[in-house]
Amino acid sequence: MSNAEKPQSFSKEKSATKTYSLVELVKAPTTMADKGPDDSIFSFPTVALLELLLTLGVIAFLVLFSLGVDAPLEEIANPNTTTDPAKAPWYLMGLQEMLEHGHPTLMAVGMPTLMVLFVMSIPYIDNVRKGSGVWFTSKKGKKVTRNTAIYTAVVMPAYIFLDSTFPLREILRGQLPDFILQAVFPAILMGAIVLLPVIVVWRTKPTPRELMLTLFTVLFVGAIVFTLAGFLFRGPGFELYWPWDMPGDYRPWHNL
Amino acid sequence: MSKLIDFVTNSRVWRSFFRHGWPDNPLDRSLVMTSNIFLHLHSVKTSRKSLKWSYSMGLGIISAIVFGILTITGLMLMFYYAPTVERAYGYIITLQTLVPFGQLMRNMHRWGAHLMVLVVVLHMARVFYTGAYKPPREFNWVVGVVLLLLTLGASFTGYLLPWDQLAYWAITVGTSVAAYEPMMGSTIKGLMLGGPEVGQEALTRFYALHVMLIPMGIALLTSLHIWRVRKDGGLAANAVEDGGSDE
Amino acid sequence: MSEKKTMSRRNFLGIAWGGSIALVFGQAAVALLKFIEPVSAGGFGGSIYAGKVEEFAINSINRILAGRFFISRTEDGIIAMWQKCTHLGCAVPWVEEEGQFHCPCHGSLYNEVGEVTGGPAPRPLDTFPVTIKSGEVWVDTSQPTERSGFDPSQLTDA
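Residues numbered from 1 in each chain as written. Chains lettered and ligands numbered in written order. Predicted model: local features only at pLDDT ≥ 70, side-chain atom pairs only at ≥ 80, totals over all residues.

Colleague: Please give an account of the sheet that holds strand β7 (residues 109-110) of chain C that cites residues and values.
Modeller: Taken in spatial order, the four strands of this open sheet run β5-β6-β7-β8 (chain C), and their pairing is antiparallel. Edge positions in the sheet fall to β5 (94-95) and β8 (116-118) of chain C, since each has one partner strand and no second. (Pairing = 2+ DSSP bridges. Helix = DSSP H or I, 4+ residues; strand = E, 2+ residues; numbered from the N terminus.)

Colleague: Mind laying out the interface of chain B and chain C, listing which residues take part and the relevant values?
Modeller: Each partner contributes to the interface: chain B provides 12 residues, whereas chain C provides nine residues. It is helix α10 (residues 165-178) of chain B that provides the largest number of residues to the side of chain B that touches chain C, a total of five residues. (Contact = placed C-beta atoms within 7 Å.)

Colleague: Go over the packing of helix α6 (residues 59-78) of chain B against helix α8 (residues 102-129) of chain B, please, and point to the residues and values.
Modeller: To characterise two packed helices, one gives the angle between the axes of the helices and the distance between these axes. All names here are of chain B. At a minimum axis separation of 9 Å, α6 and α8 run at an interaxial angle of 155°. Here α6 lies roughly antiparallel to α8, going by the angle between them. The handedness of the crossing between α6 and α8 is left-handed. Residue composition of the contact of α6 with α8, by class: 16 nonpolar, seven polar and two charged. (Axes fitted to C-alpha atoms, helices over the stretch in contact; angles between N-to-C directions. Parallel < 35°, antiparallel > 145°, perpendicular 65-115°, else oblique. Left-handed = near helix turned anticlockwise from the far one by under 90°. Nonpolar A, V, L, I, M, F, W, Y, C, P; charged D, E, K, R; others polar.)

Colleague: Let's hear about the domain arrangement of chain C: which residues, and what values?
Modeller: Put simply, an interface is often sized by how much accessible area is lost when its parts join up. Assigned domains of chain C: these are domain 1 (6-37) and domain 2 (47-154). Look at where the C-alpha atoms of domain 1 of chain C and domain 2 of chain C centre, and you get two points 49 Å apart. (Domains from an automatic or database assignment.)

Colleague: Can you break down the interface of chain B and chain A residue by residue, with the values?
Modeller: Listed by partner, the interface residues are 90 residues for chain B and 76 residues for chain A. Per-element accounting of the side of chain B that touches chain A gives the leading share, 14 residues, to α8(B). Its residues assigned to classes, the side of chain B that touches chain A shows 48 nonpolar, 22 polar and 20 charged.

Colleague: Could you give an account of the pairing of strand β3 (residues 69-73) of chain C, naming the residues involved and the relevant values?
Modeller: All names here are of chain C. Taken across its five residues, β3 has five buried, putting it largely inside the fold. Burial of the side chains of β3 extends over both faces: Phe 69, Ile 71 and Arg 73 are buried on one face and Phe 70 and Ser 72 on the other. If you look at the hairpin formed by strand β2 (residues 60-64) and β3, you'll find four residues sitting between the two strands, and Arg 68 has a positive phi there, around 60°. Across five bridges, the pairing between β3 and strand β4 (residues 78-82) is antiparallel. Along β4, the bridge assignment pairs Phe 69 with Trp 82. Two successive antiparallel strands, β3 and β4, enclose a turn made up of four residues, where Gly 77 displays a positive phi of approximately 160°. (Buried ≥ 20, exposed ≤ 12 C-beta atoms within 10 Å, placed from the backbone.)

Colleague: Describe the pairing of strand β10 (residues 130-133) of chain C, and please don't skip the residues or the numbers.
Modeller: Residues and elements named next belong to chain C. As paired strands, β10 and strand β11 (residues 136-140) are joined by four bridges and run antiparallel to one another. Along β11, the bridge assignment pairs Lys 133 with Glu 136. Remark: two residues form the turn of the hairpin made by β10 and β11, two consecutive strands paired antiparallel; Ser 134 in that turn has positive phi of roughly 40°.

Colleague: So what's going on with helix α3 (residues 104-125) of chain A? Which residues, and what values?
Modeller: Residues and elements named next belong to chain A. Between its terminal C-alpha atoms α3 stretches 29 Å, which fits the 32 Å expected from 22 residues at 1.5 Å a residue. Of all the bends in α3, the largest measures some 30° and sits at Val 119, one to four residues before the proline Pro 123. Listing the buried residues of α3 in full gives Pro 104, Met 107, Ala 108, Val 109, Met 111, Val 119, Ile 122 and Pro 123. (Expected span 1.5 Å × (residues − 1). Bend = angle between axes of the 7 residues up to and from the residue.)

Colleague: Describe the environment of A:Gly102, naming the residues involved and giving the relevant values.
Modeller: All names here are of chain A. Position of Gly 102 relative to the elements: it lies in the loop between α2 (93-99) and α3. In this structure the C-alpha to C-alpha distance between Gly 102 and Ala 183, which are 81 residues apart in sequence, comes to 6.0 Å. Once residues within four sequence positions are removed from consideration, Gly 102 is found in contact with Met 107, Gln 182, Ala 183 and Pro 186.

Given below as C-alpha cells:
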C-alpha cells in the first residue's frame, strides 16, 4: 500500500492474483532468430501518431467534400411512376449491366455466385507460402497482370458495345429457343472471354500464383468495366450514351 | 507545475487508469501498447516494411476509420429519422433545411458510405496483388470477402431510407435481381421486402438491418479480422524473408 | 466372450445432450424463419374494387393506381395484370400511341394481354384473379400469378 507514495512504475508492483507480467526487456535473440536483422520500431508513438494523422486526414477529406457536394434527394417515392432510367446503386450497376446481356439467372445470380466462390477459394488453390507480401510476387506475375488487364479493358467494353448494338436476342427472337439465346450463347461467350487469357498463361507453365493473378485480373477488371458501363454509359431507356452527352438533363453522377 | 503533474500522475486515480509511466523508454512504450485495449490491436513493435505507404496504402485502416465516421454520423442521423413511409421523406427534408449542420451530416454519411465501398474493394485488390492471402492468412481472406459483402449490404440497405424516387427504384431493381436466383429466389426477396413490393415492411426491415444487424456483424468480423492479422504476424510484408524458410 | 461394441455412459450422454441442443437450436432457427416471413396487410395485397364492368370498354386498357394493376378487356373477357415488369420490377406504363406496354427501364414490350413482344423480360406480366360480383369487378392482389404465356382461360367472362 505504501507503493503509492513512491514515484515508481506501477507495473513493477507485484500483484497477488496476476501471475505473469512483463518483467524486463532484454537485448537478445528472440523467436526472430535467423530471420534477418530486426527492422522494427516501437509502435508507440510512431504508428499511433500515423493512425491519428490518417484519421484526421480522412475526416478532413470527408468534411470538405461534403461541404462542396450535396447528397442527392429526388421527389418522394412513387410506386406508380418509374424513373427513367431506373438504376441500382453504383456498386450493383455491374450486375444490372450483366442483365442486359443474357438470362438473369445466369448473369445476375450464376456468374456473381461463381465469382464470389472463386474469390473465397483463391488462398486454398494457391496455397504456396512463398511470394507473399510482394506486389505481383515476381516479374512474370507483374507482366501477366498487366497484359491481362489490358486485354480485359479492351475486350469487355467491345463485348458490351457489340452485344448492345447487335443484340442476338432481338435479331434471332423466335428463330431459336429463348434458352439458347439467353443462356447458352452468353455463357459460352463470357466463358471464352474469361478463360482465353487463362489458357494463354497456362501454356507458359505458370505457378498457381500466376494463374490466380490472371483469373482474378480478368474478373476484377471485368467487374470494373461492367460497373462503369452500367453506371456512366447507360442513359434513358438503358441505352448506351456518352456520359457527358445524355439526352435530357440526366447525368449519372447526380444519382450517386 | 511539475509538482502538480507529479501529484496527478502519482495519484491512485490516475494509476488505476494507466498502469505505466510516460512512454519515453522501451519498457513504458511496450506497456502502453499491451495495457491499452485500443492500442493493443498493434504489437509492441512494428516492422518498417509494413509501414511503407507503397505497400499497403493504409487502405484497411482507412476503411475502419470510415466505418467509425459512418457509425457516428449514422447515430446523429437517427435523431431525426423514423422509418415510416409517411414520415421518412419529410424527416430528410427537415434534416436538410431546418437542422443545423443536418445537410452536412447527411452528406458525410452518404459520401462516407460510397467511400467505404470503394476503399474496401481497393483493400481487397491490394491484399490480392501483394499475395497477402497466402498461408497462414487463408481464413482471414475469407473473412475479408464476407466483410466486403457486408459492406455492400450496409450501403444497399441504407440506400432505401430517404424514401425518394432514387431510393425506391434502386431497391426495386436491386431486389428484383435477387429474385432470379433459382429455387430460393422469390423467398429471399420476400424475406428482404416483407411483402410483394417495396413498401412499409421493406422500409422497416431495411432500417433494422442497416442500423443494427449489419453494423454489428461488421464490427464483430472486423475485430476477428484485425485479431487474425496480429496472430498471423502482422502484415504479409513481414513475411518476405521468412516465407521460404517454412517450406 | 462376446466383444459387443458398447457405448460408454459418458459418450451416450454426450450424444444425447448434443443432439438435444442441436434440435433446440434447429427449432429456434425454423421459428425465426417463420417469424420473418412476410405477413400480408391491408391495401395493396388485399382485395381491391376496380370499378363497374361497363366502365371498362371492350379493347381498352385501364390503370387502377391503388391496386397497381391494369384491367385489360378484350372481346372474350377481362384480365387483371400487375404493373410490375417481370424483368426488374419497374412500373410498366401502357403507351397508347404505340398500342403496347413499354417499360422505361430496359425497354421490355408487352401486348394488350401481357405477352412479351420485345426486350429482356423473361415472362408475360403477372396476373391477379378477377371476380365479378353483381357487375362489380374485384381483383385479389394478394396472389400474383406467374404464367409462361397467354391463354384465353386467363380471361374472366364479363
